[in-house]
Amino acid sequence: MDNSSERNVKVSKNYQKNIDYLNRELGVPDNFDIVLREMSIAGKKVAIYSVNGMVNTQVVTMILDALVDLERADLVVNALHTLVKGRIVGLQVSEVDTMDKILYFILSGPMALFVEGQEKAIIVDARSFPARSPDEPDIERVTRGARDGFTETLIFNTALIRRRLRDPMLRMKLMQVGGRSKTDVCVAYIEDITNEQLVNEITEEIQKIKIDGIPMAEKSVEEFILGSKIWNPYPRVRYTERPDVAAVHLLEGHVVVLVDTSPSVMIAPATFWSHTQHAEEYRQEPIVGAYLRWVRFMGIFAALFLLPLWLACALNSHILPEWLQFVGVEKIGKIGLIPQVFLAEFGVDLVRMAAIHTPGPLTVALGLIATFMIGDVAIKVGLFSQEIIVYIAVVTVGTFATPSYELAQANRLARLFLLVMVALNNFIGFVIGALILFFLLWRTKSFGVPYLWPLLPLDLKALGTVLVRSPLPIKNKRPSILKPKDAIRQPEGHDE
């Protein structure tokens, strides 16, 4: 039976037919959380459908009190108009005449009210979602600045953006994805800034998604609209849980995609350099922000290249000049350097995954076990050399200093690839591996935007804003690669 086609039917004047249909589709009374209230008001049968836990009980009580006071004469002529305009006030109310829409609204949280003899149902938005407070995101903390972050509730997230951008041109386009889940997906952009072609491309790709559900939320949407390339680990969109970061990108001409049930929003398009910037840099003085950015760049560079370079030098210490001899290893240990490096890499990943799954009160114990019982003992018994531990520690710190978690994971895989290349062919393998990674990044695009822009293709002015955190009064142009409708942010501001 094709339920999707069967649901696309009109509401009948026959009250009992409507009730039987909805009870069958919603599994009443088998589903304990689907609430059906039937009553007689002013001589007419009335049925109210809602989902337990998704409606505000105080609002429901207020509506019922208003309906109970109705007289028979009130519902003789145009009953729906009387209910919507005269009794149910102060709430978002609409009339719906098809069962598929009614089912969508009921399962999304609003109440559906049926009146005997009417060919439409009244949808009352009395939702009260189970939600947590908009606390500061754990992975995007700042020393100064806003402490609110996105939550798993879509309407809260759009409100956090609206609070920062009170622009009437800000558009929030709502769609549903998933034949069964019907998950709400919102495409946000500023109409007189964002390139219309970019908006249309993202919107059309979302509308083309055909799947039963997207429980993994924004990541599932990303894989559909960009295509999943298993050989390319680098993220082609940026994720953030900070409303201020999302607002900044909207003002630049980006598109923000919000998915209900996820506290992360997707920013598109994104370049490699988008993942290297952090809100902390813009909460400090420009010179301090520039310094923090360069320290972060060095951390990212170390996370990617330091360990493969050290391994190549350690394996060929005889060709190093005297002033670089300290790079080698004094005592190799009971196993070779190459197995040591890979064991250490996998060990760090194992500890990281264990920390994620370990209850909070036990994380300290896990750290002690990893540091002393594994690391210290492994060195004493000769399993690892001391130098391995030092360089692995530096690389791990550089990984954690990467603002984008997705970029950090991509660099981790790239580092493993470089280690394999070094193990196969020493320095030549490292050079070949680095060239392959560069070619991969050069060929990568995000919605038509080159991933290495503004380095390739070269845009000196834009590259300057990437390398140095410039003061906002002189940063009055939007990224040209986005082709915004309005390229100037400060018409009365300073020229760059």
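Anything mentioned here points back to the structure above.
Please read these numbers as outputs of a predicted model, since none were measured by experiment.

(A) Just the overall build of the protein chain, in detail. Each helix and strand in the protein chain was counted, giving 15 helices and 12 strands. Taking as baseline every contact in the protein chain between residues at least 6 positions apart, the subset at least 24 positions apart corresponds to 63%. Carbon and sulfur atoms make up 60% of the accessible area of the protein chain, which amounts to about 25,900 Å² in all.

(B) Looking closely at the pattern of salt bridges. Under the defined criterion, the tally for this structure stands at 19 salt bridges. Measuring nitrogen to oxygen at the nearest pair gives 2.9 Å for the salt bridge that ties Asp138 to Arg141. Take Asp138: its relative accessible area is 61%, and that puts it in the exposed class. With its nearest N and O atoms 2.5 Å apart, the salt bridge here joins Arg415 to Glu345. Within this pair, whereas Arg415 is found in helix H14 (residues 405-443), its partner Glu345 is found in helix H11 (residues 337-357), the two being separated by 70 residues in sequence. Taken individually, Arg415 and Glu345 each receive the classification buried, so the pair is uniform in this respect. One network of salt bridges, with partners in common, ties together Glu136, Asp138, Arg141, Arg147, Arg242, Asp244 and Arg283.

(C) The arrangement of the nonpolar core in detail. One finds Tyr234, Leu307, Trp310 and Ile388 to be the most contacted residues of the largest nonpolar core, which totals 38 residues. Breaking this core down by element, the ones donating at least two residues are helix H10 (286-315), H11, helix H13 (386-401) and H14. With 11 residues, the single largest contributor to this core is H14.

(D) Inspection of the packing of H10 against H14 at higher detail. Put simply, H10 and H14 touch, their axes get as near as 9 Å, and they point 25° apart. Comparing the axis directions of H10 and H14 gives the class roughly parallel. Judged by the sense of rotation from one axis to the other, the crossing of H10 with H14 is right-handed. Contact with H10, carried on its side by Ile300, Ala303, Leu304, Phe305, Leu307, Pro308, Leu309, Leu311, Ala312, Cys313 and Leu315, involves Asn411, Ala414, Arg415, Leu418, Leu419, Val422, Asn426, Phe427 and Phe430 of H14 and no other residues of that element.

Criteria and thresholds
- Residues numbered from 1 in each chain as written.
- Predicted model: local features only at pLDDT ≥ 70, side-chain atom pairs only at ≥ 80, totals over all residues.
- Heavy atoms only, no water.
- Helix = DSSP H or I, 4+ residues; strand = E, 2+ residues; numbered from the N terminus.
- Contact = heavy atoms within 4.5 Å.
- Areas by Shrake-Rupley, 256 points an atom, 1.4 Å probe, with all protein chains shown as cover.
- Salt bridge = Lys/Arg side-chain N within 4 Å of Asp/Glu carboxyl O.
- Buried < 20%, exposed > 50% of the residue type's maximum accessible area, 1.4 Å probe, protein only.
- Core = buried A, V, L, I, M, F, W, Y, C linked by side-chain atoms within 4.5 Å.
- Axes fitted to C-alpha atoms, helices over the stretch in contact; angles between N-to-C directions.
- Parallel < 35°, antiparallel > 145°, perpendicular 65-115°, else oblique.
- Left-handed = near helix turned anticlockwise from the far one by under 90°.

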